[in-house]
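The residues making up each chain are set out below.
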Amino acid sequence: MALHVRPVADGDIASVIALWGAAGLTVPHNDPFADIKFCRSSSNAEILLGIDGQELVATVMVGHDGHRGWYYYVGVDPRLQTGGLGREIMSAAEEWLKERGVGKAQLMIRSANTKVKDFYKRLGYVEEDRLVMAKRFAPVPDWQNGQVETIVLHLEMLSRPDREPAQPPEIGKRIVLERMTIPSVRFYRFLYDGVGGNWTWVSRRIMDDDTLAATLSRAGAEYYLLSVDGEPAGFCELERSENGKDVELSYFGLLPGFIGIGIGRYFIDAAIDLAWQPETKRVWVHTCDLDHPRALGNYRRAGFVPYAREVEILPDPRLAGLPLPPRSSERGHAPNSLFRDHAAAEELPLADGAAR
Ligand SMILES: CC(C)(COP(=O)(O)OP(=O)(O)OC[C@H]1O[C@@H](n2cnc3c(N)ncnc32)[C@H](O)[C@@H]1OP(=O)(O)O)[C@@H](O)C(=O)NCCC(=O)NCCS
């Protein structure tokens, strides 16, 4: 396979981190986003990408410290390993160092990664009698075992809102909200990844296609597509209990190009109208401190009332190549004063399982 090798560019970050995750190169004590950013800020280092067609298949982080060359994040797409790509990307990294006058390069192998030693031996690297010592200057990042902690707020409404049914706003465009039969995995991924890409919607993103297909066809799930002039603009998902009394608004959101055009208010009200059927007694929703900063305000304005908080462990979004958005505390809020605009929410019990 003839590999095209080029330096990493802005649009590559998600696929680079996805490849690192798949190749087992991401570890709890290294934040790959920070590592990429730091490497790119140096004029003595580069992340080289091996591209086959349009696809990223191999990476190496290469650099020198003014004396020796170093390699990190040497990885090949697991589906393509042992096909010569590792050799090719390493050869490109060696050229990169030689062009800069570096006479010798070295690398470290984690003790658990025994088999990779033979790969480097085949490429001419030899084991040297050195003891590696290290000291960490920066705190270990918030990147623990592939999980992040988040504070989840649960909100509910116990009666249908006292207002007229929601009507699409007059914005000079045709706004349609209609039920989808079970969406295809592909279309659902388009909606889910598009709406939740910036807001840690990760649990379904990391599902394989078969698991996602089974999840989408579960009993009680309903899907609604919002379109504007025929183009998908957002979606919502409801989960109705077997007796129909309890309905969760499980997913709700607009695609990025449709935020701020004046349809959000209508959309949440219309989703609530769809949730309320004659037998419905309660509609509930949850939001967390990694969600869109305005999510909570929108739900409250629409009539939801907070009733419990809980700490939830989510799969780390970075495993799916997503950045971790700043938490509410990092958006200028005091630590633990999540949802500070809503003092009443602060008084809520911190429950282990808030679903009723
Ligand atoms: C290590 C890695 C980059 C090698 O890439 P690759 O595409 O599988 O390797 P290649 O096919 O280019 O192999 C090059 C040579 O090494 C040999 N080789 C590769 N892996 C080997 C292994 N585990 N044991 C023995 N030889 C091995 C190949 O047989 C080949 O030999 P040849 O060219 O003389 O016939 C890839 O396996 C990988 O991404 N692993 C997971 C991530 C990782 O461990 N990275 C290293 C961190 S230090």
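Not measured: the values here are computed from a predicted model.

### Examining the confidence of the model for the protein
When pLDDT drops low, the exact placement of atoms in the prediction is not to be read closely. On average, residues of the protein score 87 in pLDDT, and 87% of them are at 70 or above. Contacts from residues 331–345, a stretch scored under 50 in pLDDT, to residues over four places away or in other chains number 34 contacts.

### Points about the packing of helix H1 (residues 13–22) against helix H2 (residues 32–40)
How two helices sit against one another is set out by the angle between their axes and by the gap between those axes. Direction vectors running N to C along H1 and H2 enclose 125°, while the axes themselves pass 10 Å from each other. Overall, the two elements H1 and H2 adopt an arrangement that is oblique. Viewed along their axes, H1 and H2 form a crossing whose handedness is right-handed. Here H1 contributes Ile13, Val16, Ile17 and Trp20 to the contact with H2, which in turn contributes Pro32, Phe33, Ile36 and Arg40. Looking at the contact of H1 with H2, its residues break down into 7 nonpolar, no polar and 1 charged.

### Thoughts on the pattern of salt bridges
A complete count under the given rule lists 19 salt bridges for this structure. The salt bridge involving aspartate 10 is made with arginine 40; its shortest N-O contact spans 2.9 Å. Note that aspartate 10 is positioned in the loop between strand S1 (4–7) and H1 and arginine 40 in helix H2, a separation of 30 residues in sequence. Note that glutamate 239 and arginine 218 form a salt bridge whose closest N and O atoms lie 2.8 Å from each other. Separated by 21 residues along the polypeptide, glutamate 239 in strand S9 (residues 231–240) and arginine 218 in the loop between helix H6 (209–216) and strand S8 (221–228) bring together distant segments of the chain. You can call glutamate 239 partly exposed: its relative accessible area is 28%. Among the ionic contacts, a cluster of salt bridges with common partners joins Arg204, Arg218, Glu237 and Glu239.

### Some points on the environment of glycine 303
The residue glycine 303 is located in the loop between helix H8 (295–301) and strand S12 (305–315) in this model. Residues glycine 303 and proline 161, spaced 142 residues apart in sequence, show a C-alpha to C-alpha distance of 6.7 Å. Once you skip the residues sitting within four places of it in the chain, glycine 303 turns out to touch Glu156 and Met157.

### Some points on the environment of methionine 90
Following the sequence through the fold, methionine 90 ends up in helix H3 (residues 85–99). It is 9.5 Å that separates the C-alpha atoms of methionine 90 and alanine 58, two residues lying 32 residues apart in sequence. Setting aside its immediate chain neighbours within four residues, methionine 90 contacts Val60, Tyr71, Val74, Phe119, Tyr120, Leu123 and Tyr125.

### Side note on H6
The set of residues buried in H6 consists of Leu212, Thr215 and Leu216. All buried residues of H6 fall inside an arc of 95° around its axis, so they share one side. The N-capping residue of H6, defined by a side-chain oxygen 3.1 Å from the backbone nitrogen of aspartate 210, is aspartate 208.

### Description of the site of the ligand
For the ligand, the set of nearby residues contains 20 residues, the closest of which are Val74, Val76, Thr82, Gly84 and Arg122. Between the ligand and the protein, one listed contact pairs a nitrogen atom with a backbone N or O atom of valine 74 at 2.7 Å. At the level of secondary structure, the elements contributing two or more residues to the shell around the ligand comprise strand S4 (69–76), H3 and helix H4 (116–122). Looking at which element gives the most residues to the shell around the ligand, the answer is H4, with 5 residues.

### Observations concerning the environment of phenylalanine 187
Its location among the elements puts phenylalanine 187 in helix H5 (residues 185–196). Apart from the residues within four sequence positions on either side, phenylalanine 187 is in contact with Met180, Leu225 and Pro232.

### What about the pairing of S4?
When you tally the buried positions in S4, you get 6 out of 8 residues, the bulk of the element. Bridge analysis of strand S3 (residues 55–64) against S4 gives 6 bridges, and the strand direction is antiparallel. Looking at S4, one finds that histidine 64 is bridged to glycine 69. Here S3 folds back onto S4 in antiparallel fashion, the turn holding 4 residues, of which glycine 66 has a positive phi close to 95°.

Definitions and limits used
- Residue positions within a chain follow its written sequence, with the count starting from 1.
- Owing to the predicted nature of the model, reporting of local features is limited to residues with pLDDT of at least 70; listing and counting of side-chain atom pairs is limited to 80 or more, with chain, interface and lining totals taken over all residues.
- By convention in this description, side-chain values take in all heavy atoms of the structure and omit both hydrogens and water.
- By definition, pLDDT measures how confident the predictor is in each residue, and it falls between 0 and 100.
- A contact between two residues is defined here by any heavy atoms of the two lying within 4.5 Å.
- Axes here refer to lines fitted to C-alpha atoms; in helices the fit is confined to the stretch in contact. Angles between the N-to-C directions go from 0 to 180 degrees.
- Helix and strand definitions follow DSSP, with helices as H or I runs of at least four residues and strands as E runs of at least two, each counted in order from the N terminus.
- Oblique is the label for every angle not falling under 35 degrees (roughly parallel), over 145 degrees (roughly antiparallel), or within 65 to 115 degrees (roughly perpendicular).
- In this scheme the crossing of two helices becomes right-handed for a clockwise turn of the near helix relative to the far one and left-handed for an anticlockwise turn of less than a right angle.
- Nonpolar residues are Ala, Val, Leu, Ile, Met, Phe, Trp, Tyr, Cys and Pro. Charged residues are Asp, Glu, Lys and Arg, and all others, Gly as well, are polar.
- Counted as salt bridges are all cases of a side-chain nitrogen of Lys or Arg within 4 Å of a carboxyl oxygen of Asp or Glu.
- Three exposure classes are used, based on accessible area relative to the maximum for each residue type with a 1.4 Å probe and protein chains only: buried under 20%, partly exposed in between, and exposed over 50%.
- By definition, the arc is the one covered by directions from the helix axis to the C-beta atoms.
- The definition of a polar contact used here is a pair of N or O atoms within 3.5 Å, where within protein one atom must be able to donate a hydrogen and the other to accept one, and adjacent residues in sequence count solely through side-chain atom pairs.
- One heavy atom within 4 Å of a molecule or strand makes the whole residue count as near it.
- Following DSSP output, two strands are said to pair if at least two bridges run between them.

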